Amino acid sequence: MDQEMLLLERMEPIAKITLNRPKSLNALNSGLMKKLADELEGLDRDEAIRVIVLTGSEKAFAAGADIKELSETRPVDFVMKQFFRDWERIRKISKPLIAAVNGYALGGGNELAMCCDMIIASDAAQFGQPEILLGVIPGAGGTQRLTKAVGMKKAMEMILTGKSISAEEALKWGLINRVVPAEDLEKEVLSLAKEIAEKPPVAVRLAKQAVLKAQELPLEHGLNLEQNAFFLLFSSEDQSEGMRAFLEKRKPVFRGE
């Protein structure tokens, strides 16, 4: 892994990736996004890892896209270089992905946090989509994911004014899971990651898939997907272990089989 852009810490069964471009407040350029997608896909294949945490620095999770890079990009370049391909790769990660947000999560930073399955924020975090101030709009899912998270009217206000909101507002609006004191952020996130990592991995993956599909599918199709996943899990060793442990009044040991 390129230590200049990303830092990896393994605490099996948890992995933590830290965005590491401090001079630019972790601005997201194409090189960083490719390395991040590569690393996440590697961890997704790694059987020793069950949950992934993504975080930034004390000042910024990510303050936005790399404006210098964007200002020099032509429309045809976005198409030919498949500019958002790595964002799609991140969206398809099957293991639980938790964002630990401190400081700024603006523009692409907010979009990246929203790509994660859960967001835990410090009380110093700020969220926003300020692209309108630069003459453009969000391009990595901001108009879509933000609207699904907070509703049309609040998303419209954030996107059309470019104003950021506090962590407390983000919690109230439903954008994030919880707010914690900055000094407790890592502890709280790792505690949540550990709790999820103790659950049966196959069931966790299928549950994540079903919840994400609920955002996209009509209810009838979503129910069919849920039922098929439910049926499939009865072929897993973890299902047998979980129910046997319940009946035997002991803690189950899930192996992802």
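Everything numeric in this text was worked out from a predicted model, so none of it was measured.

What counts as what
Residues numbered from 1 in each chain as written. Predicted model: local features only at pLDDT ≥ 70, side-chain atom pairs only at ≥ 80, totals over all residues. Heavy atoms only, no water. Buried < 20%, exposed > 50% of the residue type's maximum accessible area, 1.4 Å probe, protein only. Helix = DSSP H or I, 4+ residues; strand = E, 2+ residues; numbered from the N terminus. Pairing = 2+ DSSP bridges. Axes fitted to C-alpha atoms, helices over the stretch in contact; angles between N-to-C directions. Parallel < 35°, antiparallel > 145°, perpendicular 65-115°, else oblique. Left-handed = near helix turned anticlockwise from the far one by under 90°. Contact = heavy atoms within 4.5 Å. Nonpolar A, V, L, I, M, F, W, Y, C, P; charged D, E, K, R; others polar.

Q: Where do I start with the pairing of strand 3 (residues 51–55) in this structure?
A: Walk down a regular strand and you will see the side chains alternate between the two sheet faces. In terms of residue burial, strand 3 counts as a mostly covered element, since 5 of its 5 residues are buried. Here strand 3 shows no split at all, with Val-51, Val-53 and Thr-55 on one side and Ile-52 and Leu-54 on the other all buried. Where strand 2 (residues 14–19) lies against strand 3, 5 bridges are found, and the strand directions are parallel. If you follow Ile-14 over to strand 3, its bridge partner there is Val-51. Taken together, the 4 bridges between strand 3 and strand 5 (residues 97–101) define a ladder with parallel strand orientation. Each residue of the ladder has a partner; that of Thr-55, found in strand 5, is Ala-100.

Q: What should I look at first to understand the packing of helix 6 (residues 142–150) against helix 7 (residues 152–161) in this one?
A: Two quantities define a packed helix pair, namely the angle between the axes and the distance from one axis to the other. The geometry of helix 6 relative to helix 7 is characterised by a closest axis approach of 7 Å and an angle of 135 degrees between their N-to-C directions. Judged on the interaxial angle alone, helix 7 and helix 6 are oblique. Where helix 6 crosses over helix 7, the handedness of that crossing is right-handed. On the side of helix 6, the interface is formed by Gly-142, Thr-143, Leu-146, Thr-147 and Val-150, while helix 7 contributes Met-152, Lys-154, Ala-155, Met-158 and Ile-159. Per-class residue counts for the contact of helix 6 with helix 7 are 6 nonpolar, 3 polar and 1 charged.

Q: Even after reading the chapter, I still don't get the sheet that holds strand 3, so can you show me in this structure?
A: Backbone hydrogen bonds hold the strands of a sheet together, and the pairing may be parallel or antiparallel. The mixed open sheet is built from 6 strands, whose spatial order is 1-2-3-5-7-10. Looking at which strands have only one partner, the edges of the open sheet turn out to be strand 1 (6–11) and strand 10 (178–180). Looking at each pair of strands side by side, their axes are set apart by 20 degrees on average, direction ignored. Bridging between strand 5 and strand 7 (residues 118–122) involves 4 bridges; their strand directions are parallel.

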